[in-house]
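Here is how the chains run, residue by residue.
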Amino acid sequence: MAETLVQSVQEMLKEETWTRATISNYTQNNLKELAVIVEKAHEENCTDEVLAVCEDHLQHTKDSIIALYISGILSLQKGVLDNSALENLVDIFQKNHKENIVVYLCENILNDDSANKFALRTLASIYAAENNDKVWDLYTTLVKIDFEEANLAKLLADHYEQLGDADSAKDYYKKAILRYINIGNYAACKDIWSKLVQVIPSEIDFFQLVCRKISKAFGELKTTTLMQELYTWYKDNQKWDIAIDILKQNLTIDPKDTWARKEITDCYRGKYAKHSHLEEYIKTSNLTQTYRNVFEAINDFEKHIAFDKGSFVFHRNWGVGIIRKLEHDTLVINFGKTAGIHEMSLKMAVNALKPLADDHIWVLKAKNTKDTLAQKVKDDKKWALKTIIKSFDNNCDFKRIKAELVPSILTPSEWTAWNTAAKKILSTDSEFGVNANDINMYTVRDHKITIEEKLSTEFKAQKQFFARIDILMKYFNNDLADKSSELFAEMYSYFTGYLKNIQKVNEQVIAAYIVVRYITSVDKQFAFPIKETFAELYERLENPKETYELLKDSKNTTLRRDFIECIRTLLPDWNKQFLILFPIVLDKSLLTTLIDSGYTEDVQKFIRTAFEAYKDYRETVLFLFKECQNEQWYKDAGISYEKQLITLINIIELTFREINNHVNSTENKKINKNATILLFKDDAVFNYMFENDENTVKKFYTLIDDIVDIDPSYKQTTRNKILEKYPNFKFRVSEEKATQPKGMLVTEKKLREKRAEAERIQNVDIPANAKDIAEAREKGDLKENQEYKSAKEQQHFLNLTLSRLQEEINRATVFDQTTITTAIISFATVVTLHNNEENKDETYTILGPWESDPDNNIISYMSPFGNAVMDKKLGEQFTFTVNEHKYDYTVKEIKKADL
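Residues numbered from 1 in each chain as written. Predicted model: local features only at pLDDT ≥ 70, side-chain atom pairs only at ≥ 80, totals over all residues. Heavy atoms only, no water.

Remarks on the overall build of the protein chain
- If you tally the helices and strands in the protein chain, you get 45 helices and 14 strands.
- Relative to the compact-globule value of 29 Å for 899 residues, the protein chain shows a C-alpha radius of gyration of 42 Å, a clear excess of over 25%.
- Long-range contacts, defined here as pairs at least 24 residues apart, represent 57% of the contacts in the protein chain between residues at least 6 apart.
- In the structure as shown, the protein chain presents an accessible area of about 47,100 Å², 46% of it carried by carbon and sulfur atoms.
- Each charge sign in the protein chain was given a centre, from 121 positive and 139 negative side chains, and these centres are 5 Å apart. (Helix = DSSP H or I, 4+ residues; strand = E, 2+ residues; numbered from the N terminus. Rg over C-alpha atoms; globule rule 2.2 N^0.38 Å. Contact = heavy atoms within 4.5 Å. Areas by Shrake-Rupley, 256 points an atom, 1.4 Å probe, with all protein chains shown as cover. Lys, Arg positive; Asp, Glu negative; His and termini not counted. Charge placed at Lys NZ, Arg CZ, Asp CG, Glu CD.)

Let's talk about unusual backbone geometry
- Between Val406 and the following residue, Pro407, the backbone shows a cis peptide bond with an omega angle of 0°.
- Secondary-structure assignment places Pro407 in the loop between helix H24 (398-405) and helix H25 (412-428).
- Notably, Asp682 is not glycine yet its phi reads approximately 55°, a positive angle.
- The phi dihedral of Asp683 falls on the positive side, at around 55°, and the residue is not glycine.

Regarding the packing of aromatic side chains
- A complete count under the given rule lists 57 aromatic pairs for this structure.
- Look at Trp233 and Tyr234: their rings are 4.8 Å apart centre to centre, the planes differ by 85°, and that puts the pair in the edge-to-face class.
- On the accessibility criterion, Trp233 (24% relative accessible area) is partly exposed.
- Every member of this aromatic cluster is reached through a ring pair, and the members are Phe147, Tyr475, Phe476, Phe488, Tyr492, Tyr518 and Phe526.
- Directly above the ring of Phe878 sits Lys872, whose terminal nitrogen or CZ lies 5.3 Å from the centroid. (Phe/Tyr/Trp six-rings, centres within 6.5 Å; stacked < 30°, edge-to-face > 60°. Buried < 20%, exposed > 50% of the residue type's maximum accessible area, 1.4 Å probe, protein only. Lys NZ or Arg CZ within 6 Å of the ring centre and 35° of its normal.)

Observations regarding the pattern of salt bridges
- The tally for this structure, following the rule as stated, stands at 44 salt bridges.
- Here Lys271 makes a salt bridge to Asp241, at a shortest N to O gap of 2.6 Å. One end of the pair, Lys271, is in helix H16 (residues 258-271); the other, Asp241, is in helix H15 (residues 240-253), with 30 residues separating them in the sequence.
- Given a relative accessible area of 46%, Asp241 falls into the partly exposed group.
- A salt bridge links Lys386 to Glu431; the nearest nitrogen and oxygen atoms lie 2.6 Å apart. Here Lys386 is found in helix H23 (residues 381-391), whereas its partner Glu431 is found in the loop between H25 and strand S6 (432-435), with 45 residues between them in sequence.
- A residue is classified by how much of its surface remains accessible, and Lys386, at 22% relative accessible area, is partly exposed.
- The exposure class of Glu431 is buried, given its relative accessible area of 13%. (Salt bridge = Lys/Arg side-chain N within 4 Å of Asp/Glu carboxyl O.)

Remarks on the sheet that holds strand S13 (residues 877-882)
- Read across the open sheet, the five strands follow the order S12-S11-S10-S14-S13; overall the sheet is mixed. The open sheet has two edge strands with one neighbour each: strand S12 (858-860) and S13. Ignoring which end each strand starts from, the neighbouring axes of this sheet average 45° apart.
- Of the pairings in the sheet, the one linking strand S10 (residues 829-835) to strand S14 (residues 885-896) comprises seven bridges and is antiparallel in character. Paired with Val831 across the two strands is Ile894, which belongs to S14. (Pairing = 2+ DSSP bridges. Axes fitted to C-alpha atoms, helices over the stretch in contact; angles between N-to-C directions.)

Some thoughts on the packing of helix H28 (residues 486-496) against helix H29 (residues 507-522)
- At a closest axis distance of 9 Å, the pairing of H28 and H29 adopts a crossing angle of 135°. In terms of orientation, H28 and H29 fall into the oblique class. In this structure, H28 uses Phe488, Tyr492, Phe495 and Thr496 to contact H29, whose residues at the interface are Ala512, Val516, Ile519 and Thr520.
- When its residues are assigned to classes, the contact of H28 with H29 shows six nonpolar, two polar and no charged. (Parallel < 35°, antiparallel > 145°, perpendicular 65-115°, else oblique. Nonpolar A, V, L, I, M, F, W, Y, C, P; charged D, E, K, R; others polar.)

Topic: a negative patch on the surface
- The grouping of Glu542, Glu546, Glu549 and Glu667 at the surface amounts to a negative patch.
- Note on placement: Glu667 falls in helix H39 (residues 665-680).
- On the accessibility criterion, Glu667 (43% relative accessible area) is partly exposed. (Patch = residues over 30% accessible without salt bridge, like charges linked within 9 Å, V, L, I, M, F, W, Y side chains within 5 Å.)

As for the confidence of the model for the protein chain
- On average, residues of the protein chain carry a pLDDT of 90, and 97% of them reach 70 or more.
- Counted against residues more than four places away or in other chains, residues 733-739, with its pLDDT under 50, gives 17 contacts. (pLDDT = per-residue confidence, 0-100.)

Details of the nonpolar core
- Ranked by internal contacts, the top residues of the largest apolar core, which has 122 residues, are Tyr69 and Ile70.
- Looking at this core, the element that brings in the most residues is helix H5 (residues 65-78), giving nine residues.
- What Tyr69 contacts, discounting residues up to four positions off in sequence, is Leu31, Leu34, Ala35, Val38, Leu86, Leu89, Leu105 and Asn108. (Core = buried A, V, L, I, M, F, W, Y, C linked by side-chain atoms within 4.5 Å.)

Focus: helix H44 (residues 786-811)
- For H44, with 26 residues, the first-to-last C-alpha span of 38 Å sits near the 38 Å given by 1.5 Å per residue.
- Listing the buried residues of H44 in full gives Tyr788, Ala791, Leu798, Thr801, Leu802, Leu805, Glu808 and Ile809. (Expected span 1.5 Å × (residues − 1).)

Here we look at the packing of helix H38 (residues 641-660) against helix H40 (residues 684-691)
- Viewed as axis vectors pointing N to C, H38 and H40 meet at an angle of 135°, and their least axial separation amounts to 11 Å. In this view, H38 runs oblique relative to H40, as classed from their interaxial angle. Note that H38 runs across H40; the crossing there is left-handed. Between H38, through Tyr641, Glu642 and Leu645, and H40, the contact on the second element is made entirely by Ala684, Val685 and Tyr688.
- Partitioning the contact of H38 with H40 into residue classes produces five nonpolar, no polar and one charged. (Left-handed = near helix turned anticlockwise from the far one by under 90°.)

Some thoughts on the environment of Gln795
- As for its position among the elements, Gln795 is in helix H44.
- Placed 37 residues apart in sequence, Gln795 and Ala758 show a C-alpha to C-alpha distance of 14 Å.

Considering the pairing of S13
- Residue alternation in S13 divides its side chains into a buried set, Phe878, Phe880 and Val882, and an unburied set, Gln877, Thr879 and Thr881.
- Alignment of S13 against S14, held across six bridges, turns out to be antiparallel. Looking across to S14, one finds that Thr879 is bridged to Asp888.
- If you look at the hairpin formed by S13 and S14, you'll find two residues sitting between the two strands, and Asn883 has a positive phi there, around 55°.

So, the side chain of Asp470
- Following the sequence through the fold, Asp470 ends up in helix H27 (residues 465-476).
- Only 2.5 Å separates the side chain of Asp470 from the side chain of Ser554, close enough to count as a polar contact.
- Contacts of Asp470, omitting those with residues within four sequence positions, involve Ser554, Lys555, Asn556 and Thr557. (Polar contact = N/O pair within 3.5 Å; in protein donor to acceptor, adjacent residues only side chain to side chain.)

Overview of the sheet that holds strand S5 (residues 354-356)
- Spatial strand order, S4-S3-S2-S1-S5: five strands in an open sheet with antiparallel pairing. Single-partner strands in this sheet number two, and they are strand S4 (341-345) and S5. For this sheet the average axis-to-axis angle between neighbouring strands, irrespective of direction, equals 40°.
- Sheet topology places strand S2 (residues 319-327) next to strand S3 (residues 330-334); five bridges connect them, and they run antiparallel. Across the sheet, residue Lys325 finds its bridge partner in S3, namely Val332.

Remarks on the state of the cysteines
- Taken as a whole and judged by the stated rule, the model has zero disulfides.
- The closest cysteine sulfur to the non-disulfide-bonded Cys189 is located on Cys211, 12 Å from its own sulfur. (Disulfide = S-S within 2.5 Å.)

Here's the deal with helix H36 (residues 618-627)
- Counted residue by residue, H36 has seven buried out of 10 residues, so it is predominantly covered.
- Taken residue by residue, H36 has Arg618, Thr620, Val621, Leu622, Phe623, Leu624 and Phe625 as its buried positions.
- Residues of H36 that are buried sit in contact with helix H33 (574-585), helix H34 (588-596), helix H35 (600-612), helix H37 (632-635), H38 and H39.

A word on the environment of Tyr234
- Its location among the elements puts Tyr234 in helix H14 (residues 221-236).
- Overall, the relative accessible area of 1% leaves Tyr234 in the buried class.
- When the C-alpha atoms of Tyr234 and Ser202 are compared, they prove to be 8.1 Å apart, with 32 residues separating the residues in sequence.
- Other than its neighbours up to four places away in sequence, Tyr234 contacts Pro201, Ser202, Glu203, Ile204, Lys239, Ile242, Ala243 and Ile246.
- Within the local environment of Tyr234, its side chain forms a polar contact with the backbone oxygen of Pro201, the two atoms lying 2.7 Å apart.

Observations regarding the environment of Gln10
- Mapped onto the elements, Gln10 comes out in helix H1 (residues 2-15).
- Linking Gln10 and Cys54, residues 44 residues apart in sequence, is a C-alpha distance of 8.2 Å.

In structure tokens:
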């Protein structure tokens with residue numbers, strides 16, 4: 001059937017003899033017949049063959065209607081970005097004034113590709129000529145998908161303004177001005193700026209965004225005229241702070257701007273109209289005199305104007321105060337109960353005091369009780385955040401926020417819950433933003449901004465590549481965010497830029513590819529022509545393992561998982577790459593995917609290689625042992641359980657050796673810890689040992705005992721369990737004595753007591769003694785001062801005691817009660833010894849030096865007597881000598897001590 005269809009197309013192409021005369025008779029039915037052929041090609045799975053025939057025909061017959069239609073539609077359905085065949089076809093019918101055919105073709109194209117710009121523009125031009133209202137929907141789509149389309153954005157803005165839809169008009173004017181900047185049309189920018197000043201004058205953040213872009217595109221001088229226009233609105237509405245900021249911005253660009261200098265003086269007069277020394281400070285600062293540097297004059301004026309009766313100030317030693325009186329150049333300031341009332345000259349105040357707003361967090365702390373302020377902070381987190389951020393020039397990081405709240409207002413535990421909710425507010429509430437130059441610094445806005453503007457600002461402030469990806473994906477996945485915004489386009493183009501003229505392929509190029517691929521798959525309007533395939537990019541990677549590690553996932557991204565998915569779907573040798581990457585990825589799904597795809601033998605060979613070359617596959621071995629133990633394909637790999645256990649022991653020994661040689665210490669410590677847990681957790685090694693014969697037990701005991709640096713408690717546990725199973729087990733002669741942990745064994749109870757004692761000496765006894773010494777010293781004549789000598793002696797005693805205690809605490813190792821064994825005399829056992837010399841029984845409890853109480857027969861295992869009886873078995877007869885006294889005992893009973 002497929003061959004018949006291909007032959008049929010070939011015959012149609014041969015018979016085609018179209019001329020201009022016949023084109024005029026062409027109808028939609030002719031195209032519908034060709035559409036049926038396209039459908040059949042899909043049904044018979046021969047689209048590639050039919051497409052090849054048509055493209056070959058177009059090589060020598062470029063105006064073939066059949067070839068152009070079939071080739072164009074099939075290419076479109078395959079997602080090919082080159083639409084030249086369909087464009088040529090539409091052009092032929094347009095030139096022959098077949099508008100109905102053109103409309104039909106464009107509608108068909110849009111059915112397969114709703115974001116096809118050529119079809120949209122062609123159809124829009126026809127609708128516009130007919131005054132068809134459908135054109136507005138097409139314009140809307142074009143503006144959405146074409147980020148460079150500025151004229152249509154303005155056309156839509158004007159249209160919605162005429163309809164009385166102010167919100168839509170505002171949005172399209174915003175799009176238009178940003179797009180005119182991008183295409184370099186300053187005149188159009190200026191016209192729309194004037195319109196926006198009328199429509200949204202209060203959105204200062206947006207105007208500042210536009211201002212920055214215009215400055216970059218056309219030069220900063222172009223912004224001064226625009227900002228003057230905006231300034232007028234703020235001055236007329238007495239919004240003095242923003243008006244002053246705009247003037248300062250213009251004066252930064254042109255310090256000799258006499259108009260701006262005059263206006264800023266007028267704004268100061270408006271802002272400080274009630275200040276008692278306003279005109280005096282304007283005069284003394286030379287604010288109106290052009291001979292003085294304008295910013296020196298502004299700085300001088302603002303320092304002085306901040307001080308007036310009723311204003312709050314801060315002194316680094318005296319804290320917060322309020323100015324009670326201002327006479328001539330003298331301030332009278334009340335710093336409250338702590339520092340009282342101080343007089344200070346205005347000149348000194350300018351240098352020594354920091355003016356504070358009435359709602360500064362320090363002022364609020366001074367005026368309110370802790371409980372009152374704490375309740376306010378907890379009840380209204382948004383208010384608390386605004387208050388603190390504004391207190392520090394509207395530029396504050398989260399460390400500062402915490403410093404202002406803990407512990408002066410909130411306790412550490414209250415902060416834990418508070419800060420989680422506060423961070424969410426900062427992240428989601430559009431009244432909060434970040435400093436455009438520092439992502440860590442938060443600001444407060446006087447009005448809400450769009451989510452697009454908020455995320456765009458965060459994107460610009462963020463300097464880290466992968467953090468920027470997170471912001472882009474946060475934007476893209478937000479259903480409320482406008483993806484047609486040029487702000488999104490600007491963010492998106494940052495990553496497509498990595499895919500142009502690629503010199504070196506690294507983790508950033510791969511991440512950009514993954515992001516662009518994902519966004520394109522979700523929305524075709526963002527399709528970007530990447531010159532190289534993923535396979536070509538991957539081949540140019542120097543180290544795929546390192547690339548995987550350098551890819552950073554976040555709350556909104558899964559770059560590592562997507563990288564693996566690209567390998568699986570886009571690389572012909574994905575199965576080999578999976579095994580190469582597995583030691584880094586350590587994800588069981590890679591192995592199960594390989595198994596399900598028929599690569600069981602390859603996986604099993606990899607497993608055998610990992611255990612044979614365990615030095616190079618340490619973490620792989622640990623992962624396989626832990627996660628794959630119950631899988632049949634793993635069991636069939638041919639690695640016995642005994643070999644797996646021995647490999648774990650070898651890894652523990654290897655990592656200890658490298659740690660001692662300072663080789664990859666951090667990584668090796670982690671591997672060592674995990675291998676040890678796997679070996680001893682749930683008694684894995686012991687279960688295997690005791691399921692087999694005594695020779696197996698000896699083999700594993702020897703392997704464990706030969707690890708010099710392993711925690712001695714593991715060796716002790718091994719010995720205890722062996723003795724419980726084999727009471728007469730013969731250990732190696734050199735290891736006849738039970739292995740004790742390094743340091744000094746103690747009970748947990750006694751360690752708590754000693755720590756409490758050390759803390760009491762440190763925090764109570766020594767400070768009290770220091771006070772005694774000070775009081776005795778005040779009495780004079782230290783040579784004859786008995787109280788002073790006694791206090792100094794007590795000081796020496798306390799310091800020695802504390803030093804000894806701290807040394808012992810550092811050496812102390814808490815005894816693990818789960819390791820108590822009654823197979824031999826050991827720590828935490830109660831032993832009954834028959835005295836063969838005196839023919840009587842004696843009972844002793846074996847504990848540590850701290851617990852030792854010879855009068856009550858509690859013996860330290862470290863004492864000569866305790867050391868002599870350690871490790872003796874039930875029924876064993878032994879003799880020893882301590883301090884020239886000979887002892888002769890037989891072990892009669894061993895039981896656990898009650899700790």
